[in-house]
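# Summary of structural features
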Amino acid sequence: MSGNRPALVGITGGIGAGKSTVARIFKTLGIPVYDADSRAKWLMNNDRELKEGIVSLFGTEAYDHQQINRTHIARLAFSDQSLLSSLNALVHPAVAKDFDQWAGKQATPYVLKEAALLFESGSYQSLSAIITVTADESLRMRRVLKRDAHRTEQDVKKMMAAQWAEDKKAARSQYIITNDESKAVIPQVLKIHAQLLSKISG
Ligand SMILES: CC(C)(COP(=O)(O)OP(=O)(O)OC[C@H]1O[C@@H](n2cnc3c(N)ncnc32)[C@H](O)[C@@H]1O)[C@@H](O)C(=O)NCCC(=O)NCCS
Ligand SMILES: Nc1ncnc2c1ncn2[C@@H]1O[C@H](COP(=O)(O)OP(=O)(O)OP(=O)(O)O)[C@@H](O)[C@H]1O
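Residues numbered from 1 in each chain as written. Chains lettered and ligands numbered in written order. Predicted model: local features only at pLDDT ≥ 70, side-chain atom pairs only at ≥ 80, totals over all residues.

## Describing the overall build of the protein chain
When helices and strands are tallied, the protein chain shows nine helices and seven strands. In summary, the protein chain has a C-alpha radius of gyration of 17 Å against a globular reference of 17 Å for 202 residues, a match within 12%. Taken along the three principal axes of its C-alpha coordinates, the protein chain extends 50 × 40 × 25 Å. In the protein chain, the share of contacts with a sequence separation of at least 24, taken over all contacts with a separation of at least 6, comes to 77%. (Helix = DSSP H or I, 4+ residues; strand = E, 2+ residues; numbered from the N terminus. Rg over C-alpha atoms; globule rule 2.2 N^0.38 Å. Contact = placed C-beta atoms within 7 Å.)

Following this line, the structure appears as C-alpha cells:
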C-alpha cells in the first residue's frame, strides 16, 4: 500500500449495519469518504448513457421530473433478480470509474470507499483492504425501519436477500468493526486507522 495515490480502503456491511455512521467517524480523522450510494444516484440522474440504460430497463417511469424514481426502481429491481443484475451491471462500472477519478484527486494516505456491495460487485479487487461493519440481522432490520419510514419489513428483507451474509463478508475482510451496541465503536475505528497508517507508511 504505497505510491503517490492514496491507498484505497473499502468499508462495507449489510443494509443498516452502520457503514455511514462509522464512515463519519473516519471523516472526523480527516479521511475522505466516497459514498457509493449517493454517487450512484448522482450518476443515475446526470450521466446520459446511464439514464438511457435505466429507461430501457425500467421504462420512462424510472424518472420523475428528471430525477430517478427510487420507489419505482427499487420495487421492480428487488423483486426480480435478473432486472437487479442488469441494473447493477449498468451502475457499478459507472461508479467504479467515478470512484477512480475521485480517489486520484485526494491527497491523504488512504481514502475510504463506502458501499454495501463491495464483494458482490467485485470492486473489492481494486482495493487494498476492506473494513466490514457488522450487526446482526434483527438489529439491522430495526434500524432501517426506524430510519426509512417508507420501507416495509418485506422491502428490507428483499434488499438483505440481494446482499451477501455478514459472516461471508467478515471472513474476507482485513478489519471488522462490531456495531451491535455491545462494544464502543470509536476505539475500534481509532485502532484500524492507526493500523492502516502504519501499514501504508511502512
Ligand atoms: C434501487 C435504488 C434506486 C433505491 O434507492 P433508495 O434511495 O431507496 O436506497 P439507497 O440507494 O439509499 O440504498 C439503501 C440500501 O439498499 C441497499 N442496496 C442498494 N442497492 C442495492 C443493490 N443493487 N443490491 C443490494 N442492495 C442494495 C444498500 O444496503 C443501500 O445502502 C438504489 O438503491 C439503486 O439505484 N440501487 C442500484 C445501484 C446500486 O447498486 N447502488 C449501490 C451503490 S453502487
Ligand atoms: N451504534 C449505533 N447505535 C445506534 N444507532 C445506530 C448505530 N449505528 C447506526 N445506527 C443507526 O442505524 C441506522 C443505520 O445506520 P447507517 O445509515 O449508518 O447504516 P448503513 O450501513 O450505512 O445503511 P445502508 O446500507 O442502508 O446505507 C441509522 O439511522 C443510524 O443512525
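## Quick look at the pairing of strand β6 (residues 129–134)
Here β6 lies mainly inside the structure; six of its six residues are buried. Burial along β6 is two-sided: the face carrying Ala-129, Ile-131 and Val-133 and the face carrying Ile-130, Thr-132 and Thr-134 are both buried. Relative to strand β7 (residues 175–178), β6 runs parallel, the two sharing four bridges. Bridge assignment links Thr-132 to a residue of β7, and that residue is Ile-176. (Buried ≥ 20, exposed ≤ 12 C-beta atoms within 10 Å, placed from the backbone. Pairing = 2+ DSSP bridges.)

## Re the UniProt feature "binding site: ATP" (unreviewed entry) in the protein chain
Mapped onto the present numbering, the UniProt feature "binding site: ATP" (unreviewed entry) falls on Gly-16, Ala-17, Gly-18, Lys-19, Ser-20 and Thr-21. By the secondary structure assignment, Gly-16 is in the loop between β1 (7–12) and α1 (19–28). When near neighbours in sequence (up to four residues on either side) are disregarded, Gly-16 contacts Arg-140, Met-141, Arg-143 and Val-144. Residue placement: Ser-20 occurs in helix α1. Classification of Ser-20 as partly exposed rests on a count of 16 C-beta atoms within 10 Å. (UniProt positions renumbered as here; feature names shortened; annotations may be inferred.)

## Concerning the site of ligand 2
Around ligand 2, the surrounding shell holds 16 residues, and the nearest of these are Gly-18, Lys-19, Ser-20, Thr-21 and Arg-143. Only α1 and α6 (137–147) provide two or more residues apiece to the shell around ligand 2. Of the residues in the shell around ligand 2, the class split is five nonpolar, six polar and five charged. (Near = placed C-beta within 6 Å. Nonpolar A, V, L, I, M, F, W, Y, C, P; charged D, E, K, R; others polar.)

## A look at the site of ligand 1
The environment of ligand 1 is made up of 21 residues, and the closest members are Ile-15, Arg-70, Ala-74, Ala-116 and Ala-162. Contributing elements (two or more residues each) for the shell around ligand 1: α2 (36–46), α4 (70–77) and α5 (81–104). Sorting elements by how many residues they give to the shell around ligand 1 places α5 first, with six residues.

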